[in-house]
Amino acid sequence: MSAILDFLPLLLKGAWVTIQITAGAALLGLVCAFAGGLAAVSGSRISRAVAIVYVEFFRGTSALVQLFWLFFALPLIGIRFEPIAAGIVALGLNIGSYGSEVVRGAIKAIPKSQYEATVALNMTPYRRMRSVILPQAVVGMLPPFGNLLIELLKGTSLVSIISIADLTFNAQVLRSAALPTLTVFLVVLAMYFVMAYTLTLGMKLLERRAARSIGLGKLPYQPDAVKLAEPV
Amino acid sequence: MIWDWDYTRDILPDLLRGLVVTVQATLVGSVVALLLGLVFALLRRSSLRAVRIVTGAFVEFIRSTPLLVQLYVLFFVLPTVGITLSGFQAGVIGLGVHYATYTSEVYRAGIEGVPRGQWEAATALNLPASRVWRSVILPQAIPRVLPALGNYVIAMFKETPLLSAITVLEMLAIAKGLGSQTFRYLEPLTLVGLLFLLVSLPASLTVRRLERRFGH
Amino acid sequence: MDTDKADTGKWAETVTVEPPVAREMVRFDKVVKRYGDNVVLRELDFHVAPGERITLIGPSGSGKTTILRLLMTLEKIDEGKIHVDGECLTHTRRGDREITADEKHTRRVRKKIGMIFQQFNLFPNMKVLRNVAEAPVHCLGLSREEAEARAIELLDLVGLGEKVDSYPSQLSGGQQQRVAIARALAMQPKVLCLDEVTSALDPELVAEVLNVLRNVAASTDITMLCVTHEMKFARDVSDRVLMFDKGQIVEQAPPDKLFTQPEHQRTRTFLRALLEEH
């Protein structure tokens, strides 16, 4: 039992690095997702082409290869990344490509009738997106975003391969220190599980908030009930 | 010129050898994932509550934790309790079990998508359970989810580079080896990326065509 | 609900539009519209005078909804021209050539046109007040306070003053459609397109919407183009009824004449079928 107390601090430090990388990549991924998704539905053919190339490239290759390329290959054409920066950029761009498909799908899922209503009110495309389409689309994006966030958390373990001291790296360090490896790794898996579960709970809360902001989850119109409730 | 074409020509055969290992790992891992996933899906429908809960917990746990850590457990940790696996064995078991947790969800969706009436007709015809599954339910459940399963096979293909961390000589491992010898990483890594694209893009298009055929 | 006793003055005050510029408010000039191989409108010519109320009737597929959708620029015409209040909606002049109008020009002319949809199409992510005030703020340049003040007046006129803080999902179909009417009127259009605005409503909710529209017709000068099956409403409100079939105007006349003494066989058959249904 005391062995656990020995290695826990190192694992917690690693977990903190994992959380930071997840947060950084999530932020970058979110920006890329919206940039890519909006470009994919834009009227400009060039924007759409760029979006398609971005998505197919990052989705079509392996995240680890992308990470390696950013960290080992880019220096040869002059761009050098700090390891953590490479991790955040590679993971962020990667998850962003999946995210932009989510954004695109959610925007396309908004019924055509909403577009037509904005045309009848003579709204500009920008105003249409900002006031009507995006607020509704965001509600539909949250569940898939939640899944992607979990995938991102798991993906951060890859940075251990370029020697960033995240949770997985520290687990390997402890292994070579000849500590009870099975226990260590089970604890590590449990820590990832707890982090994933927390993220899932957080996303569920966000989903409920978003649904309320577009009037779902409120009491719907009930003709008879309303009449009965009216004070005489 | 930053790009060395002669070097590129030299390393291509080595990388292609790595591609073979990548493909082998993908195929074996896929077989495991596709079969085991179905087992998980069926176990989670068991009438025994204990079976359902244990399987469910196991699937959730594996699905929510990184594949890389699971590979490390299979390759580095198991020997300490007496089970020694080669890199390739650990790799395909790790890939297979991890992705089985995804495919089990896909199978579940497919099974639940079979109309209620089919189950009722099978009961009315007094068919034994195994035949109901073999002849009625699965033949309807599986074609509908083939595109989703196809996408997971492609995902497995793209995750094989993780096996380089447990000494499997797939494409990325070879590229790393070449790079560390010559300090030229640009060509090997770029080629690996392109090779991945060359395989996964047509594969995705095929899956998308499958999607259209099985009508969504 | 006090929309039965219309306060004509209040309506006129809140829904003022500038006087028309031309003798024809809407003119379709040899308009052709195809969907694939199907020619829905063939060289359609018709016009609507300012302040005129016309009703378009006819079997489905006859093109009447298409006319409204072309006017509202929800679809593009294949051939011909559409003019609104003296300006060409669909084309502009470049030197001495006529080219298809760009987005900027379309938006400018489209400002004069409004539409109310069969499915209401309120914005579910906004409360009722914002549904009505949003477009005036961003597309008419009103301040948020002015737009909301006007919105509240309009919502009062349609009988929904207490519902300003509700979400569309909390309203009945009839209430939603009345909000939609307020929303369209908030933009002060000169032409209002009404596309089967009561067809999606439960029967007991139809009257409240039609009453609001009767008030609009009685108290304002807005030109109205209605596609509807509500024959009594058409009789009460329209100056002219146009019978469509296969993309052509088969017959047109004031409602009293068309409904009681239709001249064309097609009109007679259609009206008979319609009366049998009701």
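Residues numbered from 1 in each chain as written. Chains lettered and ligands numbered in written order. Predicted model: local features only at pLDDT ≥ 70, side-chain atom pairs only at ≥ 80, totals over all residues.

Draft legend 1. Local environment of the interface of chain C and chain A. Contacts between chain C and chain A engage 26 residues on the former and 23 residues on the latter. Within the residue set of the side of chain C that touches chain A, elements represented by two or more residues are α3 (103–110), β8 (113–116) and α4 (128–139) of chain C. Sort the elements by how many residues they give to the side of chain C that touches chain A and α4 of chain C lands first, with four residues. (Contact = placed C-beta atoms within 7 Å. Helix = DSSP H or I, 4+ residues; strand = E, 2+ residues; numbered from the N terminus.)

Draft legend 2. Representation of the sheet that holds strand β11 (residues 240–245) of chain C in the model. All names here are of chain C. Across the sheet, which stays open at both edges, the six strands sit in the order β8-β9-β10-β3-β11-β12 with mixed pairing between neighbours. A strand with exactly one partner marks an edge of an open sheet, and here the two such strands are β8 and β12 (248–253). Here the average twist between neighbouring strands, direction ignored, is 20°. Relative to strand β10 (residues 223–227), strand β9 (residues 191–195) runs parallel, the two being bridged by five bridges. Along β10, the bridge assignment pairs Leu192 with Met224. (Pairing = 2+ DSSP bridges. Axes fitted to C-alpha atoms, helices over the stretch in contact; angles between N-to-C directions.)

Draft legend 3. Highlighting the nonpolar core. Residues Leu71 and Leu189 of chain B together with Cys193 and Leu225 of chain C are the most contacted members of the largest nonpolar core, which totals 194 residues. For Leu189 of chain B, the contacting residues outside a window of four places in its chain are Val65, Phe68, Trp69, Phe72 and Ala73 of chain A together with Ala175 of chain B. (Core = buried A, V, L, I, M, F, W, Y, C linked by C-beta atoms within 7 Å. Buried ≥ 20, exposed ≤ 12 C-beta atoms within 10 Å, placed from the backbone.)

Draft legend 4. Layout of the arrangement of the chains. Inter-chain contacts occur across two pairs of chains; the most extensive set of contacts lies between chains A and B. Regarding chain B and chain C, which are not in contact, the minimum distance between any of their C-alpha atoms is 23 Å.

Draft legend 5. Spotlight on the confidence of the model for chain A. All names here are of chain A. Per-residue pLDDT for chain A averages 88, and the proportion of residues at 70 or more is 90%. Mean pLDDT across the secondary structure elements of chain A bottoms out at helix α9 (residues 223–229), with 42, and peaks at helix α5 (residues 112–120), with 95. Counted against residues more than four places away or in other chains, residues 224–232, with its pLDDT under 50, gives zero contacts. (pLDDT = per-residue confidence, 0-100.)

Draft legend 6. Here's a closer look at the environment of Cys32 of chain A. Residues and elements named next belong to chain A. You can see Cys32 is positioned in helix α1 (residues 2–40). Measuring from C-alpha to C-alpha, the distance between Cys32 and Ser97 comes to 7.1 Å, with 65 residues separating the pair along the chain. Not counting residues within four places of it along the chain, the set of residues in contact with Cys32 comprises Gly92, Leu93, Gly96, Gly99 and Ser100.

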